[in-house]
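This is what each chain is made of:
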Amino acid sequence: MDGSQPGRPIRKKSLSELDLSTLTHFVLTAEDRTDFHRGIRLFNQARFWEAHEAWEAVWLRHPEDGRFFIQGLIQLAAAYHQLRRRIHRGFLIHIRRAQERLVLFPDTFLSVDVVGLRRAIGEALRRIDSEEGIACVDFSGIVPPKIRTIHSDH
């Protein structure tokens, strides 16, 4: 068991509290895999709120630091949900949080092409940061990435 009790939230850690050596020790159960891959499908269908919800189900079942990867995906989904709603400051806050989390993980994690996600986030942030202010940014040119999975033979 994960040490949490049903109905009790898992204490959130800040990035500064993480033991980086433990981040990649994260095992998905069958239920987690179902929710995780459903989240990817939903995200790639631009159903960002539903993807967020699917990934949050996984996140809530895990107290360990590896769930920061899931949290990064949740932040990414929240960012593009905000972008779709034209809440540009919300997009910027969430995309930066996603970047902070995803940079902590290897290039491929849980079969996800993390490099591609970091690249897409970087491109969006460069577009925003190249302008004089948020009001000058053409947010219509920011396109959500597709989450690619890389399957291994084992």
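Everything in this summary refers to the structure shown in the same document. The model shown is predicted, which means the values in this text are computed figures rather than measured ones. (Residues numbered from 1 in each chain as written. Predicted model: local features only at pLDDT ≥ 70, side-chain atom pairs only at ≥ 80, totals over all residues. Heavy atoms only, no water.)

As a further point, take the packing of helix 3 (residues 67–84) against helix 4 (residues 88–102). Axis angle and axis distance: for two packed helices, these are the angle between their axes and the distance between the axes, and together they describe the pair. Their axes nearest at 8 Å, the elements helix 3 and helix 4 cross at an angle of 160°. The pairing of helix 3 with helix 4 is recorded here as roughly antiparallel in orientation. Note that helix 3 runs across helix 4; the crossing there is left-handed. On helix 4, the residues that touch F68, F69, Q71, G72, L73, Q75, L76, A78, A79, Y80, Q82 and L83 of helix 3 are H88, G90, F91, H94, I95, R97, A98, R101 and L102. Looking at the contact of helix 3 with helix 4, its residues break down into 12 nonpolar, seven polar and two charged. (Axes fitted to C-alpha atoms, helices over the stretch in contact; angles between N-to-C directions. Helix = DSSP H or I, 4+ residues; strand = E, 2+ residues; numbered from the N terminus. Parallel < 35°, antiparallel > 145°, perpendicular 65-115°, else oblique. Left-handed = near helix turned anticlockwise from the far one by under 90°. Contact = heavy atoms within 4.5 Å. Nonpolar A, V, L, I, M, F, W, Y, C, P; charged D, E, K, R; others polar.)

It is worth spelling out the pattern of salt bridges at this point. Per the stated rule, a full pass over the model turns up nine salt bridges. Among the ionic pairs, D129 bridges to R96, the shortest N-O distance being 2.8 Å. Of this pair, D129 sits in helix 5 (residues 114–129) while R96 sits in helix 4, and the two are 33 residues apart along the sequence. Looking at D129, the relative accessible area reads 48%, which means it is partly exposed. Here the residues in one salt-bridge network are E31, D32, D35, R38 and R61, joined through shared partners. (Salt bridge = Lys/Arg side-chain N within 4 Å of Asp/Glu carboxyl O. Buried < 20%, exposed > 50% of the residue type's maximum accessible area, 1.4 Å probe, protein only.)

Its place among the elements puts Q75 in helix 3. Residue classification places Q75 among the buried positions, given a relative accessible area of 11%. In contact with Q75, not counting residues within four places along its chain, are H94, R97, A98 and R101.

Quick look at the environment of F91 now. Tracing the chain through its elements places F91 in helix 4. Judged by its relative accessible area of 0%, F91 falls in the buried class. Residues F91 and L76 lie 15 residues apart in sequence; the distance between their C-alpha atoms is 8.8 Å. Those residues in contact with F91, other than ones at most four positions away along the chain, are A79, Y80, Q82, L83, A124, I128, F139 and I142.

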